[in-house]
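Chain residues, written in single-letter form:
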Amino acid sequence: MKTALRWVSGNVFDPGACMTPATVVMSLRHGQVRHGFARTLCGPANSPPAIEQQPWTEGPPEAE
């Protein structure tokens, strides 16, 4: 199974806030999966940064 994730990685908000979580938790139909992440997530200072998750599909992961 694979999915695409999208997020803002630079502090482009005024005011903004960034964090670098060690793991990300992705939703599955009947549960969740945790994966190492360690990337920068940024968002407006008054709300937590968000990750947009595309629907899961079958197949190998995309090449980076």
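Relevant structure appears above.
Cut-offs applied
- Residues numbered from 1 in each chain as written.
- Predicted model: local features only at pLDDT ≥ 70, side-chain atom pairs only at ≥ 80, totals over all residues.
- Heavy atoms only, no water.
- Helix = DSSP H or I, 4+ residues; strand = E, 2+ residues; numbered from the N terminus.
- Buried < 20%, exposed > 50% of the residue type's maximum accessible area, 1.4 Å probe, protein only.
- Contact = heavy atoms within 4.5 Å.
- Areas by Shrake-Rupley, 256 points an atom, 1.4 Å probe, with all protein chains shown as cover.
- Lys, Arg positive; Asp, Glu negative; His and termini not counted.
- Charge placed at Lys NZ, Arg CZ, Asp CG, Glu CD.
- Phe/Tyr/Trp six-rings, centres within 6.5 Å; stacked < 30°, edge-to-face > 60°.
- Pairing = 2+ DSSP bridges.

**Quick look at the overall build of the protein chain**
A count of helical and extended segments in the protein chain gives zero helices and six strands. In the protein chain, which comprises 64 residues, the proportion classed as buried is 11%. Sequence separation of at least 24 residues holds for 61% of the intrachain contacts in the protein chain that already meet a minimum separation of 6. Summed over all atoms, the accessible surface of the protein chain reaches about 5000 Å², with 53% contributed by carbon and sulfur. Each charge sign in the protein chain was given a centre, from 5 positive and 5 negative side chains, and these centres are 7 Å apart.

**What about the packing of aromatic side chains?**
For any pair of aromatic rings, geometry is given as the distance between the ring centres together with the angle between the planes. For the structure on display, the rule yields one aromatic pair. Ring centres of Trp-7 and Phe-37 lie 5.0 Å apart, and the angle between their planes is 65 degrees; on these two criteria the pair is classed as edge-to-face. With Trp-7 in the loop between β1 (5-6) and β2 (16-19) and Phe-37 in the loop between β4 (31-36) and β5 (41-44), this residue pair connects regions lying 30 residues apart in the sequence. Its relative accessible area of 30% is what places Trp-7 among the partly exposed residues.

**A short note on the pairing of strand β3 (residues 23-28)**
Here six bridges tie β3 to β4, and the two strands are oriented antiparallel to one another. Among the inter-strand pairings, Val-24 is bridged to a residue of β4, identified as His-35. Two successive antiparallel strands, β3 and β4, enclose a turn made up of two residues.

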